[in-house]
Amino acid sequence: MSKGVNLKILSQRLNLSQTTVSRALNGYPEVSAETRKRVAEMADKLGYAPNSQARRLATGRSMAIGHVIPRSIHEMMNPIFLEFIAGAGETYSKHGYDMIISVVEDDQEEEAYRQIASRKKADGVIVHGPAHNENRHAILKDLNLPFVVHGRIAGAESETSWIDMNNRRAFQRATDLLLDLGHTRIALLNGLEHMDFARRRRRGFEDAIKARGLSPDPALMRSNDMTEPYGCDNAMEMLKSDNPPTAFLVSSMISAIGVARAIGQCGLVTGKDVSIITHDDALSFLPNSGEVPIFTCTRSSVRYAGEKAAELLLAMIADPNSEPSSLHLDAELIIGQSTGPAPAKD
């Protein structure tokens, strides 16, 4: 890697003016995509790192992205959120951006956004954990603060930029698999259902059940923060009931581990006596891997979602007149050891 590379040297190597190179590095839309790519590749090759303060002065930008997290979004503070942040942070770093994370009381969230906008603390923000009745997008539009939603805001899909997994389809496919295996007593351990993703997952589960002429059993459907004890305690209660489930559909690998613990404590065998399908966010610290993964799962990398959400937002910042854009990801269905045919009835 070359040492002491400055803008002048980089420009000479590219045979471009310093102004063009600077604009390319800062994502100005008047510079062609081909030129921006060529400049980025050469900068990476030479180890050129632009001076952050100089970029701020040149662009009038803060060169930072904000993440405002209200305390009530419990699951946003867990490792899944950190995995998303890791992916987003890699993208920010590549483009010379810093990251600001603010954890605030619920009634201070709007004020936090207003402070970001008025003091120009960040050039844009990522909105996490959209709820069923969501209004943060309206606030951010009034503030003229660019934003991308991790998830979707029902009814505002066409007017906002967002990235989301197809939660309804993923849980419909997972439920169909269990039904195909002969399971009819299927429990759903969902996330908090005032949040959009959990509502969509429940809809997919119920749609699949109803399509087979069956009725979802409210006694087998729970929602809460997706922790290991939540999975274990609820599975234990259901398994000890007079009419226990033979399969569980779970919204998180962390909760699925709890379900598997409960199955073992009841003297049963996962994949033989009771099946589990979970959603796997492809967490780096909790791999569901191997030639045959432990859990059958729907899989969509939350780190990848973080990378792509950051790319969408930086593109919006570079071109303020761009139209809203979105990325709808389909989850893989991975067959593991945790599923099998429904046990024969006595």
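In the block above lies the structure referred to throughout.
Residues numbered from 1 in each chain as written. Predicted model: local features only at pLDDT ≥ 70, side-chain atom pairs only at ≥ 80, totals over all residues. Heavy atoms only, no water.

A.B. asks: When you look at the packing of helix α5 (residues 79-94) against helix α12 (residues 302-318) in this model, what are you seeing that I'm missing?
C.D. replies: Relative orientation and spacing of two packed helices are given, respectively, by the angle between their axes and the distance between those axes. Between α5 and α12, the least distance of the axes is 7 Å, while the angle of their chain directions is 45 degrees. When the axes of α5 and α12 are compared, the pair comes out oblique. Every pair of crossing elements has a handedness; the one defined by α5 and α12 is right-handed. Where α5 abuts α12, its residues Ile 80, Glu 83, Phe 84, Ala 86, Gly 87, Ala 88, Glu 90, Thr 91 and Tyr 92 lie against Val 302, Arg 303, Ala 305, Gly 306, Glu 307, Ala 309, Ala 310, Glu 311 and Leu 314. Per-class residue counts for the contact of α5 with α12 are ten nonpolar, three polar and five charged. (Axes fitted to C-alpha atoms, helices over the stretch in contact; angles between N-to-C directions. Helix = DSSP H or I, 4+ residues; strand = E, 2+ residues; numbered from the N terminus. Parallel < 35°, antiparallel > 145°, perpendicular 65-115°, else oblique. Left-handed = near helix turned anticlockwise from the far one by under 90°. Contact = heavy atoms within 4.5 Å. Nonpolar A, V, L, I, M, F, W, Y, C, P; charged D, E, K, R; others polar.)

A.B. asks: Looking at this structure, how should I read the sheet that holds strand β8 (residues 247-250)?
C.D. replies: Strands belonging to one sheet form pairs held by backbone hydrogen bonds; the direction of such a pair is parallel or antiparallel. Taken in spatial order, the six strands line up as β7-β6-β8-β9-β10-β12 in an open sheet, and their pairing is mixed. Each edge of the sheet is formed by a strand with only one pairing partner; in this case those strands are β7 (221-223) and β12 (332-334). Averaged over neighbouring strand pairs, the angle between their axes works out to 15 degrees when direction is ignored. Relative to β12, strand β10 (residues 296-299) runs antiparallel, the two being bridged by three bridges. Considered in β12, the bridge of Arg 299 is made with Glu 332. (Pairing = 2+ DSSP bridges.)

A.B. asks: Explain the packing of helix α6 (residues 109-118) against helix α7 (residues 136-143) to me, please; I cannot follow it from the model alone.
C.D. replies: Direction vectors running N to C along α6 and α7 enclose 25 degrees, while the axes themselves pass 10 Å from each other. By the angle between their axes, α6 is roughly parallel relative to α7. Crossing handedness for the pair α6 and α7: right-handed. From α6, Glu 109, Glu 110, Tyr 113, Arg 114 and Ala 117 reach across to α7, where they touch Arg 136, Ile 139, Leu 140 and Leu 143. Residue composition of the contact of α6 with α7, grouped by class: five nonpolar, no polar and four charged.

A.B. asks: Can you walk me through α6 in this structure?
C.D. replies: An α-helix turns once per 3.6 residues; consequently, residues spaced three or four apart project the same way. Listing the buried residues of α6 in full gives Glu 109, Ala 112, Tyr 113 and Ile 116. All buried residues of α6 project into a common sector of 100 degrees when viewed along the axis, lining one side. On its buried face, α6 sits against β1 (64-70), β2 (98-104), β3 (124-128) and α7. Positioned one or two residues after α6, Lys 120 has a phi angle of 55 degrees, which is positive. (Buried < 20%, exposed > 50% of the residue type's maximum accessible area, 1.4 Å probe, protein only. Arc of directions from axis to C-beta.)

A.B. asks: Would you mind showing me how to read the sheet that holds β1 here?
C.D. replies: Across the sheet, which stays open at both edges, the six strands sit in the order β2-β1-β3-β4-β5-β11 with parallel pairing between neighbours. Only two strands of the sheet have a single partner each, and these edge strands are β2 and β11 (326-329). Going from strand to strand, the sheet's axes swing by 15 degrees on average, the running direction of each strand aside. Inspection of the sheet shows strand β5 (residues 162-165) paired to β11 by four bridges, in the parallel sense. Paired with Trp 162 across the bridge in β11 is Ser 326. Lying on the sheet, α12 is in contact with β1, β3, β4 (147-150), β5 and β11; it crosses β4 at an angle near 160 degrees.

In short, geometric facts, not functional conclusions.
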